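Here are the chains, one letter per residue:
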Amino acid sequence: MITSCGKDDVKSVAPTFVFNHTVNGSELEKGVMKYTNLAGNLYEVDELQYFISEITLTAADGQRIEIKSDSAIHYIDLDIPSTLSWSPKDLIPKGDYTSISFVFGINETKNKTGLFVNPPERDMFWPDIMGGGYHYMKMNGKWKAEGDIITPFNFHLGIGMNMAGTVFYQNCFTVTLPLNIHTASLGNVFTVTMNIEKWFEAPNLWDWNVIGGQIMMNQPAMHMAAENGVNAFHVIFQGTDPE
Ligand SMILES: [Cu+2]
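Residues numbered from 1 in each chain as written. Predicted model: local features only at pLDDT ≥ 70, side-chain atom pairs only at ≥ 80, totals over all residues.

A. The overall build of the chain, seen in detail. Counting secondary structure elements, the chain contains two helices and 17 strands. Structurally, the chain occupies a C-alpha span of about 75 × 40 × 30 Å along its principal axes. With 243 residues in all, the chain has 32% of them scored as buried. By sequence separation, contacts in the chain at least 24 residues apart represent 72% of the contacts at least 6 residues apart. (Helix = DSSP H or I, 4+ residues; strand = E, 2+ residues; numbered from the N terminus. Buried ≥ 20, exposed ≤ 12 C-beta atoms within 10 Å, placed from the backbone. Contact = placed C-beta atoms within 7 Å.)

Shown next as structure tokens:
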């Protein structure tokens, strides 16, 4: 008796998410001051750490498949290669998908101090006095400021607050990208690319000489960064079906 392993037997498949970082279409080279943003700032990126959460795939029939493993939160750190790929325990129905979405950062419900007890996630903490929880992102680097002064920037996103510290703002945002894919029996790798230059382009032209290098206490700046970040990602899919 022959057991079929044809593709019709496969009802659900295991997705893998790979996280990739580029500047102007090329792989990010960290620690090298060779990038120029749209505002003309020469800059480098030295560290990049962030959370992506609530990854959701929308099927052609409208069904929404949420990735729920690990509290639906994944931490990515350029210096920790194992974080650059995530294979959650979730299986997704085999079929056609038309979009993918995720939250950049962590939503208000989950982003509470104490959520993570171990490094490296724990080290993303956001001060309680500023709203608590965790940074959505730390992108640390340097730019050549006016007078050719190499100046550090901490492009950090998290919960914002007003000057008086009485009102808090959830700066996390949802990225939704179209897909036109059929999940396969093998592979099912979603490569999520952060196009770093896009953080500095539109709708808000980012000039560190104007905005300054530290933005954690600057809600208008974090809001601008979040608006730009919506445009900073793309996703490609690869899967293989047996012949
Ligand atoms: Cu910070």
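On we go from here.
B. Molecular detail of the environment of I215. By the element assignment, I215 lies in the loop between α1 (208-211) and α2 (219-229). The spatial distance from the C-alpha of I215 to the C-alpha of F125 is 16 Å, given a sequence separation of 90 residues.

C. Inspection of the nonpolar core at higher detail. Counting residues in each nonpolar core, the largest one holds 55 residues, and the members touching the most others are Y50, F51, I52, Y136, I215 and A225. The biggest single contributor to this core is strand β5 (residues 42-59), with eight residues. Y136 has contacts with Y50, F51, F104, G105, I106, L157, G158, N171 and C172, leaving out every residue within four places of it along the chain. (Core = buried A, V, L, I, M, F, W, Y, C linked by C-beta atoms within 7 Å.)

D. Structural detail: the environment of T183. Among the structural elements, T183 can be located in the loop between β15 (173-182) and β16 (186-195). For the pair T183 and S69, spaced 114 residues apart in sequence, the C-alpha to C-alpha distance is 19 Å. Among residues more than four places away in sequence, those in contact with T183 are V13, I92, K94, G95, Y97, N188 and G239.

E. Up close: the pairing of strand β7 (residues 73-77). In terms of burial, β7 is largely enclosed, as four of its five residues are buried. Note: β5 against β7, five bridges, orientation antiparallel. Residue S53 lies in a different strand from β7, and its bridge partner there is I73. (Pairing = 2+ DSSP bridges.)

F. Summary view of α2. The set of residues buried in α2 consists of A221, M222, A225, A226 and G229. Buried residues in α2, looked at end-on, bunch into an arc of 140°, giving them a common side. Those residues of α2 that are buried lie in contact with β10 (96-104), β12 (149-157), β13 (160-161), β15 and α1. (Arc of directions from axis to C-beta.)

G. Structural view of unusual backbone geometry. Cis peptide bonds are those with omega within 30 degrees of zero, and the linkage from P119 to P120 qualifies with 5°. Mapped onto the fold, P120 is located in the loop between β10 and β11 (137-145). Note the cis peptide between A202 and P203, where omega equals 5°. Here P203 is to be found in the loop between β16 and α1. At A72, a residue that is not glycine, the phi angle is positive and equals roughly 65°. Tracing the backbone through its elements, the reader meets A72 in the loop between β6 (64-66) and β7. A positive phi angle, close to 60°, is found at D148, a residue other than glycine.

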